[in-house]
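Okay, here's what each chain looks like letter by letter:
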Amino acid sequence: MISTDIMNSQTKSAALSADLNNFIYGVSRRNFQNAPELTKIGILLLKNFPAARDAVLEYFAMVFHDAVNVSLNHGDYESDSSANGSLESVTIIGPELCSLGDTWAPFIAPWCINLIMDIATDKANLPNATLQSTEPVRVLLDITTQNLTMLNSEERAKCIDMMLGCRACSWAVGWVGRAEPALVAPRALALGADAARAVLAHLANHPPALFHVRAAIVDLFQEAIKEDGQPEKKREVIPYLLNLASKSDIVLKALTQDIENTLTDEVLDRLGAVCAAHKHSVAWEGVGPASVVTLLLRSDVHCLFLLLKHTQRNVFSRQLLEHLLQKLEYECLFPDRNIPLLMSAAEEIATVRERLLTGNQREQYTVARILILVCNTLPSEFVSTISYLLQYSRNDTTLALLVRIISGTITMHTPNDSTDISTDTERYQNLIKTGVEYALREAMMSDTQIKKCFIENATFNDEKTYLHHFCLNIIKLLRWEGSNRVSYLRTRSISRAVEGNLQRVGAALHEYASLLRVRNTYTMNSLPEMPTCHALAEVLDRVDITGTKSPPPSVEAILKVVQATVKYFFRCLHIKDAMEKISGVQSACRLLRKLCAQSKLARALALRDLLETAMFREERAFGSRPHAATPSPHHHLLMHLNQQHGPITQLTQSHTSVFHAGIIGKGVRKAGGPDDADIPPILTTNNELLMGALMSCMDGNSGIVEGATSVSLLLVELVSPDVMYNGLPWPDEDFTKQVSIERELYMRGAVERCAVSRAALRRVARARPALCLASALLRAAAATLLHRLRAHLDRHAQSAEAARELSALSELLSVMALGQLLPHPLSHMLELAPELTASELVQVLRDCLWNYTRDHVPSPALFTCDSSGLHWRDPSTCKPPSTYTDTLRLIIQKRISKLGHLYPIMFLNLDKES
């Protein structure tokens, strides 16, 4: 057993001796062609023969030197077969030296560092990036880093100090220091500014190292301002840090990171004392406002906020701030320059804008100047800034700042004495329009979002929706624009922006004025919507929608605003407060007047919407009585009741016909029912306001006639159950009795129940000859009056029905007289009617009114237009023949004692002329 161990030991010794001889022989030949074999032998020697360590490492150093040369001059070594040998050896050495373990790390790490220093010094004329990109150097750095991690802190510190002592290998310190940035950072700061900059520049490529760099800088800074009675050692620290920050981005970033917590008021007081004590020393000669401003240009926006904070109590800070702003404005004259401070402000634009609303006066004006520079560089921020301020501005100061930002951005590069101040006006005008659009959309979205104040039942004084605030801001800007006192607003930039978004503003008014709008709880939508509607209407009222100062709006936009205005008008009618109600209606009427004056299509839509809504959807607001569309289930239809009399054929007007009296579609008439109710009055506040709105849609004489004509046609269309018999001619009386009496009854009932239609007829009658086109409605009233008076009123002379029929007759005669459809003396039938009996009324209606209109068709051709544009019938050319007046003459003569005073008025002139 012992002999076997002795033999194995002798065998290993012989093999080791042979390897050593081969290694020495191979190295002495200085040929790297067999470098891989020698490298493998050297690794075996390191592991088995520690005495050969220095020789093996020296050979490895030669291999690395040769491999670096080969990598840098690859073209010169292409024909040399030994070149690949050294490179192959490097790939073998790397993993082996990294895997030797903790016991070898104290030898390998210093050897690697010395080798790096030698290579860096030898190749000092090459760029660092070129040297680092070579494979041998990367392998060497990996070996160094791996072994450094195996050392204790003291050994690592010695290795770092070794590398810092070589100026040529600062890049290696930065690379290796990634493993130990806490050791590298403070030691790098102990070097000169240039050396420290070189080390830290390479260390900056490793983001986690920033924390350790900042910690080292803060410790150095705090030590410098500490009051410990050793000022001589610290007088150069502050200038050194400023100088280093001017040369190193990582140092500047470390200094400015979380600067509000670093430079507290107490720290700044101590710093001021240090500066005052040493500002005249040689080291402080390069520290001045210009150098600080240069650093601030490269810092982030929080440094600006800190400077603003201290301008309240520090004169130097105010001077520095103004110097900084002037420098920024100068640098922005060169568009190709990227200013880090402005880029930081753009990245934190939300914080910057918030300062614009909450800061003091100096902060607001400073932030406004910064925003002008940012907006000039980034048009998207220009748009978002306009949108933000239009939504959240709550006073005149911030609105004035908005005007300043807009004007400053547009005219930033234009000299004050330049005649061309609108080089990019159109481009910026489109941006302003987009900003208004965004503000409107986001304000409406904000109104739908749940707010914490509603959930907590918190009370707040300003109970307005976001859209309301947006409108108030727009209104204030439009007032300034209209005053012509703000020079920057004389180009009507705000008005043109709102006009460009006219359809969207109209859509907003349409949505908020709608009764069907969703009102979610805990949102601004739960607040009363009418103040917002008033503000939207005022915005529309203040802009030019007629196309006189700017291009006219699109047809689609005009129609949208018309629909919204009509809906807003009817919402105003339901307001309880009289002054608010009248103000809202007047605003709606002004809008309708502007819209309809330029577009006949808008007029037609407005008139139709007003009449349809008033007659069928908002009829109760005007005192109209709704028509029961479906009969009560407890009553039989009149047709069914009449059919129960027998199987005989029942002919109209036949002596064998027996009918129940009642209302078609409702059954037998019930005493005291809704049909016995009084006719709704037309002289109500809402009716007058509606008539005013209708008249607002008509501008000028021609507009009134055209509009009234449209109203006449609309009334016929909306009241008439079909299109038959809607023409102008009046047929024979017998035709109505035999053919169209049911249709006439329906139309008269529809008109009487609807106060709006009766009031509209009166307004139409004033705009001659528009009433002619409503001939079907007049004919229906006259026909039903004839039949009812003939059938019933002789037996019920004192009944309520008689009074109602007489009232309807008076209204018919007054409307026809007002529209000049009844010439003199027929126009005086209105004065006679209350004194006549039922039979006399039937005679007058048949012989005078019906026969005259039958033979003289109410037509616009009967009216002539004078020089002033008014249409009227000349009394001298439209005298009715005696056939139509004899009945009146005989009735007056018969009752001369009571009606004699009317005879000279009606017939004296006719008798003289005849």
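Residues numbered from 1 in each chain as written. Predicted model: local features only at pLDDT ≥ 70, side-chain atom pairs only at ≥ 80, totals over all residues. Heavy atoms only, no water.

The next point concerns the overall build of the protein chain. If you tally the helices and strands in the protein chain, you get 45 helices and 4 strands. Looking at the protein chain as a whole, 48% of its 914 residues are labelled buried. Of all intrachain contacts in the protein chain linking residues separated by at least 6 positions in sequence, the fraction that spans at least 24 positions is 75%. In the form shown here, the protein chain has an accessible surface area of approximately 44,500 Å², with 54% of it arising from carbon and sulfur atoms. (Helix = DSSP H or I, 4+ residues; strand = E, 2+ residues; numbered from the N terminus. Buried < 20%, exposed > 50% of the residue type's maximum accessible area, 1.4 Å probe, protein only. Contact = heavy atoms within 4.5 Å. Areas by Shrake-Rupley, 256 points an atom, 1.4 Å probe, with all protein chains shown as cover.)

Glancing now at the packing of aromatic side chains. Inspection of the entire model under this criterion finds 12 aromatic pairs. Arranged with centres 5.0 Å apart and planes meeting at 70 degrees, the rings of W730 and W850 form a pair that is edge-to-face. Of this pair, W730 sits in the loop between α36 (700-719) and α37 (733-753) while W850 sits in helix α42 (residues 838-855), and the two are 120 residues apart along the sequence. A residue is classified by how much of its surface remains accessible, and W730, at 3% relative accessible area, is buried. For the ring pair Y852 and Y884, a centre distance of 5.5 Å and an interplane angle of 85 degrees mean the geometry is edge-to-face. With Y852 in helix α42 and Y884 in the loop between β4 (871-872) and α43 (886-894), the pair connects residues that are 32 residues apart, well separated along the chain. Taking the relative accessible area as the measure of exposure, Y884 reaches 9% and is therefore buried. The structure contains a cluster of three or more aromatic residues connected by ring pairs, namely Y388, Y392 and Y466. (Phe/Tyr/Trp six-rings, centres within 6.5 Å; stacked < 30°, edge-to-face > 60°.)

This part covers the environment of Q326. In this structure, Q326 sits in helix α19 (residues 315-331). Separated by 43 residues in sequence, Q326 and R369 have C-alpha atoms that sit 9.9 Å apart.

Turning to the nonpolar core, a few remarks are in order. Soluble globular proteins tend to pack their nonpolar side chains together in the buried interior. By size, the foremost hydrophobic cluster in this structure holds 208 residues, and its most contacted members are L328, L467, F470 and L610. Among residues more than four places away in sequence, those in contact with L328 are L297, I339, L341, L342, I370 and L373. (Core = buried A, V, L, I, M, F, W, Y, C linked by side-chain atoms within 4.5 Å.)

This paragraph deals with α19. For α19, with 17 residues, the first-to-last C-alpha span of 24 Å sits near the 24 Å given by 1.5 Å per residue. All of the buried residues in α19 are S317, L320, L321, L324, L325, L328 and E331. For α19, the buried positions fall inside an angular range of 135 degrees around the axis, keeping them on one side. In this structure, the buried side of α19 is in contact with α17 (289-298), α18 (301-310), α20 (340-347) and α22 (361-377). Put simply, N314 is the residue that caps the front of α19, since its side-chain oxygen is 2.8 Å from the backbone nitrogen of F316. (Expected span 1.5 Å × (residues − 1). Arc of directions from axis to C-beta. Polar contact = N/O pair within 3.5 Å; in protein donor to acceptor, adjacent residues only side chain to side chain.)

Looking now at the pattern of salt bridges. Throughout the structure, instances matching the rule amount to 32 salt bridges. D396 is the salt-bridge partner of K476, the closest N and O atoms lying 2.6 Å from each other. Highlighted residues: K476 in helix α27 (residues 466-483) and D396 in helix α24 (residues 396-410), separated in sequence by 80 residues. Salt bridges sharing common partners tie together R748, E752, R788 and E805. (Salt bridge = Lys/Arg side-chain N within 4 Å of Asp/Glu carboxyl O.)

Within the fold, E499 resides in helix α28 (residues 493-500). On the basis of relative accessibility, which here comes to 12%, the residue E499 falls in the buried class. Of the polar contacts made by the side chain of E499, one reaches the side chain of R492; its length is 2.6 Å. If we ignore the near neighbours within four places in the chain, the residues touching E499 are R492, V543, D544 and S550.

Three or four residues apart is the spacing at which side chains of an α-helix point the same way, because the helix has 3.6 residues per turn. With 18 residues, helix α5 (residues 105-122) should cover 26 Å at 1.5 Å per step; its first-to-last C-alpha distance of 25 Å lies within 8% of that length. Buried within α5 we find A105, I108, A109, W111, C112, I113, L115, I116, M117, I119 and A120.

Below, the discussion takes up the packing of helix α35 (residues 685-696) against helix α38 (residues 755-766). When two helices pack together, their arrangement is captured by the angle between the axes and the distance separating the axes. Two numbers describe how α35 lies on α38: the axes approach to 10 Å, and their chain directions differ by 50 degrees. When the axis of α35 is compared with that of α38, the two are oblique. Note on packing geometry: the crossing formed by α35 with α38 is right-handed. On α38, the residues that touch N687, E688, L690, M691 and M695 of α35 are A755, V756, A759, A760 and R763. Looking at the contact of α35 with α38, its residues break down into 7 nonpolar, 1 polar and 2 charged. (Axes fitted to C-alpha atoms, helices over the stretch in contact; angles between N-to-C directions. Parallel < 35°, antiparallel > 145°, perpendicular 65-115°, else oblique. Left-handed = near helix turned anticlockwise from the far one by under 90°. Nonpolar A, V, L, I, M, F, W, Y, C, P; charged D, E, K, R; others polar.)

Moving on, we get to unusual backbone geometry. Residue P769 is reached from R768 by a cis peptide bond, and omega for that bond is 5 degrees. Tracing the chain through its elements places P769 in the loop between α38 and α39 (775-791). A cis amide bond links H824 to the next residue, P825, at an omega of 5 degrees. Residue position: P825 is located in the loop between α40 (800-818) and α41 (829-832). Located in the positive-phi region is Y725, a residue other than glycine, with phi close to 60 degrees. Within the secondary structure, Y725 is located in the loop between α36 and α37.

This paragraph deals with the environment of L271. Note on placement: L271 falls in helix α16 (residues 265-278). Judged by relative accessible area, which is 15%, L271 ranks as buried. A C-alpha to C-alpha distance of 8.9 Å links L271 and A224, two positions 47 residues apart in sequence. When near neighbours in sequence (up to four residues on either side) are disregarded, L271 contacts F221, I225 and I238.

On to the packing of α28 against helix α29 (residues 502-512). Axis separation between α28 and α29 bottoms out at 4 Å; the angle between their running directions is 65 degrees. It follows that α28 is roughly perpendicular to α29 by the angle criterion. Facing V498, E499 and G500 of α28, the residues of α29 in contact are L502, R504 and V505. Partitioning the contact of α28 with α29 into residue classes produces 3 nonpolar, 1 polar and 2 charged.

Together, V723, M724, Y725 and V739 make up an exposed nonpolar region whose accessible area comes to about 410 Å². With respect to the helices, strands and loops of the structure, V723 is situated in the loop between α36 and α37. (Patch = residues over 30% accessible without salt bridge, like charges linked within 9 Å, V, L, I, M, F, W, Y side chains within 5 Å.)

Attention shifts here to the state of the cysteines. Where two cysteines share a covalent bond between their sulfur atoms, that bond is called a disulfide. Summed over all chains, the structure comprises 0 disulfides. Left without a disulfide partner, C159 is nearest to the cysteine sulfur of C112, which lies 9.5 Å away. Of the residues examined, C159 reaches a relative accessible area of 4% and is grouped as buried. (Disulfide = S-S within 2.5 Å.)

Counting all residues, the mean pLDDT for the protein chain is 80, and 80% of those residues have values of 70 or more. A low-confidence stretch, residues 628-634 stays under pLDDT 50, and its non-local contacts, those more than four residues away or across chains, total 3 contacts. Here residues 647-657 is a poorly scored stretch, pLDDT under 50, and it has 8 contacts once near neighbours within four places are set aside; other chains count. (pLDDT = per-residue confidence, 0-100.)

Attention now moves to the environment of V857. Note that V857 resides in the loop between α42 and β3 (864-865). Once the C-alpha coordinates of V857 and W730 are considered, the two residues, 127 residues apart in sequence, prove to be 6.8 Å apart.

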